[in-house]
Structure formats: structure tokens, C-alpha cells
Amino acid sequence: MPQTIEVRTAAFADLTTRTFHDLLKLRIDVFVVEQNCPYPELDGRDVEPGTRHLWLTDGEAPLAYLRILADPGGVARIGRVVVAPRARGAGHAGRLMAEALAVVGERPCVLDAQSHLVGFYARHGFAVAGPEFVEDGIPHVPMCRPGNALT
């Protein structure tokens, strides 16, 4: 019988040690290992009081994850958007983005999209907000979604 996929949301203080381990493992497996980008994955922002961790789970390891940071001026920043290789192609990233934007609400929101994913984020109300740049060897584009945006 297939498992129900659940959405989870937590501040850092509410994460269990095991859950935080599993979320970091997913991020490192994809961003550092699969994408071959050795960078400091632990940047200190996971533990900030305004950070919210969102993930989808089928009761086992996380299927997809992102975090919402509280940037200055009331701006929300979505980052570390990732889907486990075993779960790709099932719409999990879209569902997670919809959940994240419900959490963000009417606040303005920004993100740095990998360039090949601009269309995905545009479908969620984001627009290109600056020139392409390369981070860790991967082209990115800054994107924003104004406050009071409807998705």
C-alpha cells in the first residue's frame, strides 16, 4: 500500500536530531555530491529563529526539501530547494513551492534559481530580477515575487 505523502514545517528548535540529519543528508547528497559543488552547506542560517524548514516525507527519508529565510526588510528568501533522486518527476517540487508560498503569504519573496529552472519558478509567480551569475560553477538567476502576489 503506498504511503501518504505529508508536508512538514518546523523551526530549527523543533527539528529532531534525526530529522535534521536526514534533511542535511539530502541537501549534501544532491548539492555537494551529485552536482559536484564542494561548498559550505552549513552556512549558519538553518538555526536562525526566522528560518522555516519545509519538507515532504512518505514516512521515511525526506522526498523534497526547502528552507525559508527571513531576510532584512520583511523579505522571505527561499533556498536549498531539492528533490531526492528517487522522487523526481512526481510533482514534489511544485507541491513544496506551493506550501512554501502559503507560509510566506503576502510578504515579498526572493530566490536564486539555477538558470535552467527559471520557468519552474516563473510558474509560481517569480520574475527574473537581475543578471545571470555563476555560483559554485552553476549558472543562477536572481528572481523575486512581489508582496501581495497571488499564486
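Just so it is clear, the model here is predicted, and its values are computed rather than measured.

Okay, the overall build of the protein next. Check the secondary structure of the protein and you find three helices and eight strands. Rg of the C-alpha trace for the protein: 15 Å, near the compact-globule value of 15 Å for 151 residues, within the 12% margin. Principal axes of the C-alpha set define a box for the protein whose edges measure 40 × 35 × 30 Å. Counting every position in the protein, which comprises 151 residues, the buried fraction comes to 40%. Within the protein, contacts between residues at least 6 apart in sequence are counted, and of these 59% link residues at least 24 apart.

What follows is about the pairing of strand S5 (residues 109-114). For S5, the buried fraction is high: five of the six residues fall into the buried class. Sheet topology places strand S4 (residues 75-83) next to S5; two bridges connect them, and they run parallel. The residue bridging Ala76 from the neighbouring strand is Cys109, located in S5. What joins S4 to S5 is helix H2 (residues 92-104), and the crossover it makes is right-handed.

Residues spaced three or four apart along an α-helix face the same direction, because each turn holds 3.6 residues. Here H2 spans 18 Å end to end across 13 residues, near enough to the 18 Å set by a 1.5 Å rise per residue. Lining the buried residues of H2 we find strand S2 (52-57), strand S3 (62-71), S4, S5, helix H3 (118-122) and strand S8 (138-145). Downstream of H2 by a residue or two, Gly105 has a phi angle that is positive, lying close to 65 degrees.

Within the largest apolar cluster, 23 residues are counted, with the highest numbers of intra-cluster contacts made by Leu66, Ile68, Ile78, Met97, Leu111, Tyr121 and Phe126. For this core, the secondary-structure elements that each account for two or more residues are S2, S3, S4, H2, S5, H3 and S8. Broken down by element, this core gets its largest block of residues, five residues, from H2. Dropping the residues within four chain positions of it, Tyr121 is found in contact with Val81, Met97, Leu111, Ala113, Phe126 and Met143. Among the nonpolar cores identified, the runner-up in size contains 12 residues, and Leu24, Val30, Trp55 and Tyr65 belong to it.

The topology assignment puts Arg67 in strand S3. For Arg67, the side chain forms a polar contact with the side chain of Asp43, separated by 2.6 Å. Residues within four places of Arg67 in sequence aside, it is in contact with Arg27, Asp43, Arg45, Asp46, Thr51, Arg52, His53, Arg77, Ile78, Gly79 and Arg80.

This next bit is on the pattern of salt bridges. Pairing between side chains of opposite charge can happen when the charged atoms of each approach one another. For the structure on display, the rule yields 15 salt bridges. For Arg8, the salt bridge is made with Glu6, and the minimal N-O distance between the two is 2.9 Å. The exposure class assigned to Arg8 is partly exposed, which follows from its relative accessible area of 33%. Between Arg86 and Asp58 there is a salt bridge, with the nearest N and O atoms lying 3.3 Å from each other. Linking Arg86 in the loop between S4 and H2 with Asp58 in the loop between S2 and S3, this pair joins segments that are 28 residues apart in sequence. Through salt bridges with shared partners, a single network forms among Arg27, Glu41, Asp43, Asp46, Arg67 and Arg80.

Calculation notes
- Residues numbered from 1 in each chain as written.
- Predicted model: local features only at pLDDT ≥ 70, side-chain atom pairs only at ≥ 80, totals over all residues.
- Heavy atoms only, no water.
- Helix = DSSP H or I, 4+ residues; strand = E, 2+ residues; numbered from the N terminus.
- Rg over C-alpha atoms; globule rule 2.2 N^0.38 Å.
- Buried < 20%, exposed > 50% of the residue type's maximum accessible area, 1.4 Å probe, protein only.
- Contact = heavy atoms within 4.5 Å.
- Pairing = 2+ DSSP bridges.
- Right-handed = clockwise from strand over helix to strand, strands pointing away.
- Expected span 1.5 Å × (residues − 1).
- Core = buried A, V, L, I, M, F, W, Y, C linked by side-chain atoms within 4.5 Å.
- Polar contact = N/O pair within 3.5 Å; in protein donor to acceptor, adjacent residues only side chain to side chain.
- Salt bridge = Lys/Arg side-chain N within 4 Å of Asp/Glu carboxyl O.

By themselves these figures say nothing about function.
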